[in-house]
Amino acid sequence: MSNRVKLRVPFAFDNEKQLYDPQAAEKGKHYFCPACQDTVILRKGEIKTAHFAHKTSETCNQETILHKTAKQLIVQVISDWKLGKTDPPILRRSCEICRKSVDQPLPDKVEYAVLEHRVTNGFVIDVALMVENEPAAAIEIRVTHAVDENKAKSLSIPFIEVEGQTVIKNPTVLEPIRDHFLSFTCGPCKKAKARFHVKVNNVAKQTDVELPNHYYRYGFCECWKCKREIIVFAWPKASEWDNSAPKVKPIPRTIQYRYSKTVSGKYWANTCPRCNSIQGDWFLFSDPDGPFFGIRCEKKFARCI
Ligand SMILES: [Zn+2]
Ligand SMILES: [Zn+2]
Ligand SMILES: [Zn+2]
C-alpha cells in the first residue's frame, strides 16, 4: 500500500481519552487514533466533510479502527448516561411473539460498562455491562466477522451483537443483528398472553384437562363435532410423519392413540374432552383458522405459551 493512503478515523481521542466527533473538534488541539494512539490530523475544509485521518501504519488498519471506535463509543455513551449528562442508550428489541420492534432504554440497574472485559474462560467481551460489579450482559461489535461460534456458545451471560458502522453513526441506539438477551415480549403481547392464560385456565377447569407446564404447547379450537371450545396440544416431533408418543409424562388425557378414518391408521391425536371426537392434525396445523397454523413441530418449542 502506498504511504499516501490515509486511514479514516471517525472519532478520535483528545488528551483526556474522550472521543471527539470531527465536527466538534477544534483545530490546533491534539487528537489520537482510538485504535493505535497515533496522532491524527483533523481535516475540516469547506468542501469535504470534517474527518480525522492518519497515515497508513503497520500497527493499525481500518477494521481495527472501526471496531475499537464502536466499542469505545458505547462505553462513553453509557458513562455519559450514568453521569447524568444524557438519556439512557436505547436498545432496539424485537418481540418474540409478534416480532414488532420496540425501543427500550438500557435498564437502570446497569452501573457501568467495561471495555474489553476478560471472562473466566479466557474470551474477551467487547463491552461488558456491569451489575453489582459483575458482567451481567455483553455487547459484541461486528465489523467484518460475526462473533466466533465457540465464543458465542461459551458466553455464560446474555449478549447482543451490533454492527460497528451502525454504532459509529448512532451509538445511542443499539440495534442488535443478533439478540441473545433474555427474550422480550412487547406490552400488547404480554396483555394478550395474560388474557390467554386466564381463558385457558377456565376452559381447562371446565373440561377437566390438566395443563402441562412445559414441552406441550396449547391453543384453543372449536370442536368440529360438538362446536364447543376446547384446548388442544402440540408437542415437538422429529418430522411431520413422526408418530411416536409424546415424550413427557403425564400425557394430557385428551392426547390419545386413536384410529382415524381420514388417515386410515392410528396416530397420537388430540381429542375433544367433551365429546371425545378426534381433532385432525390437518385442521390444527395446516388450516389458516387452526390454532397451530404455521407452527412447525420439528423445531423444538422454546416453551409452551
Ligand atoms: Zn490507528
Ligand atoms: Zn408483541
Ligand atoms: Zn367435541
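Residues numbered from 1 in each chain as written. Chains lettered and ligands numbered in written order. Predicted model: local features only at pLDDT ≥ 70, side-chain atom pairs only at ≥ 80, totals over all residues. Heavy atoms only, no water.

**Details of the coordination of the zinc ion (ligand 2)**
Then, number 1: Bound to the zinc ion (ligand 2) are the protein donor atoms C95 (SG), C98 (SG), C186 (SG) and C189 (SG), situated 2.3 Å from the metal.
Then, number 2: Because the angles between the 4 donor atoms bound to the zinc ion (ligand 2) fall within 103 to 114°, the donor set is best described as tetrahedral.
Then, number 3: Read from N- to C-terminus, the donor residues coordinating the zinc ion (ligand 2) fall into the pattern C-x2-C-x87-C-x2-C. Here C98 is found in the loop between β7 (90–94) and β8 (101–105), whereas its partner C189 is found in helix α4 (residues 187–207), with 91 residues between them in sequence. (Donors = N, O, S within 2.8 Å, 3.2 Å for Na, K, Ca; no water. Tetrahedral: all angles 85-135°; square planar, octahedral: opposite > 155°, others 65-115°. Helix = DSSP H or I, 4+ residues; strand = E, 2+ residues; numbered from the N terminus.)

**So, the packing of aromatic side chains**
Then, number 1: By the definition in use, this model includes 10 aromatic pairs.
Then, number 2: Ring geometry for Y31 and F52: centres 5.3 Å apart, planes at 50°, overall tilted. Taken as a pair, Y31 in strand β4 (residues 31–32) and F52 in strand β6 (residues 51–55) lie far apart in primary sequence, 21 residues in all.
Then, number 3: Judged by relative accessible area, F52 falls into the buried class, the value being 0%.
Then, number 4: Ring plane angle 90° and centroid distance 4.9 Å describe the contact between Y215 and Y216, whose orientation is recorded as edge-to-face. In this pair, the class of Y215 matches that of Y216, namely buried.
Then, number 5: Aromatic rings pair up to connect F196, Y215, Y216, Y218, F220, F233 and W235 into one cluster.
Then, number 6: Between the NZ or CZ atom of K82 and the centre of the ring of W81, over which it lies, the distance is 4.2 Å.
Then, number 7: A cation over a ring is seen here: K199 above F220, with NZ or CZ 4.3 Å from the ring centre. (Phe/Tyr/Trp six-rings, centres within 6.5 Å; stacked < 30°, edge-to-face > 60°. Buried < 20%, exposed > 50% of the residue type's maximum accessible area, 1.4 Å probe, protein only. Lys NZ or Arg CZ within 6 Å of the ring centre and 35° of its normal.)

**Observations concerning the coordination of the zinc ion (ligand 3)**
Then, number 1: Summarising the metal site, the zinc ion (ligand 3) is bound by the protein donors C223 (SG), C226 (SG), C272 (SG) and C275 (SG), whose distances to it range over 2.3 Å.
Then, number 2: Sequence spacing of the donors to the zinc ion (ligand 3): C-x2-C-x45-C-x2-C. Note that C226 is positioned in the loop between β15 (217–222) and β16 (229–234) and C272 in the loop between β18 (265–271) and β19 (278–279), a separation of 46 residues in sequence.
Then, number 3: Classification of C272 by relative accessible area gives buried; the value is 2%.

**Side note on unusual backbone geometry**
Then, number 1: Note that the residue after K249, namely P250, is joined by a cis bond; omega there is 0°.
Then, number 2: In this fold, P250 is placed in the loop between β16 and β17 (255–260).
Then, number 3: Its identity as a non-glycine residue notwithstanding, E132 has a phi of 50°, on the positive side.

**Considering empty space enclosed by the protein**
Then, number 1: Within this structure, the stated rule accounts for 1 cavity of 30 Å³ or more.
Then, number 2: One number sums up the size of the largest cavity: a volume of about 30 Å³.
Then, number 3: Residue lining of the largest cavity: V162, E163, T166, V167, V173, L174 and E175, and that is the complete set.
Then, number 4: Within the residue set of the lining of the largest cavity, elements represented by two or more residues are β12 (159–163), α3 (164–169) and β13 (173–174).
Then, number 5: Within the lining of the largest cavity, the residues separate by chemical class into 4 nonpolar, 1 polar and 2 charged. (1 Å grid on protein atoms, 1.4 Å probe; cavity = no way out; pocket = protein on both sides within 12 Å on 5 of 7 lines; lining within 4 Å. Points joined across faces, edges and corners; volume = space filled by probe spheres on them. Nonpolar A, V, L, I, M, F, W, Y, C, P; charged D, E, K, R; others polar.)

**Describing the side chain of D126**
Then, number 1: Turning to its location among the elements, D126 is positioned in strand β10 (residues 124–131).
Then, number 2: Overall, D126 belongs to the buried group, its relative accessible area being 5%.
Then, number 3: Engagement of the side chain of D126 in a polar contact is seen with the backbone nitrogen of I141, the distance being 2.8 Å.
Then, number 4: Discounting residues that sit within four places of it in the chain, D126 has contacts with H67, K71, V114, L115, E116, I139, E140 and I141. (Polar contact = N/O pair within 3.5 Å; in protein donor to acceptor, adjacent residues only side chain to side chain. Contact = heavy atoms within 4.5 Å.)

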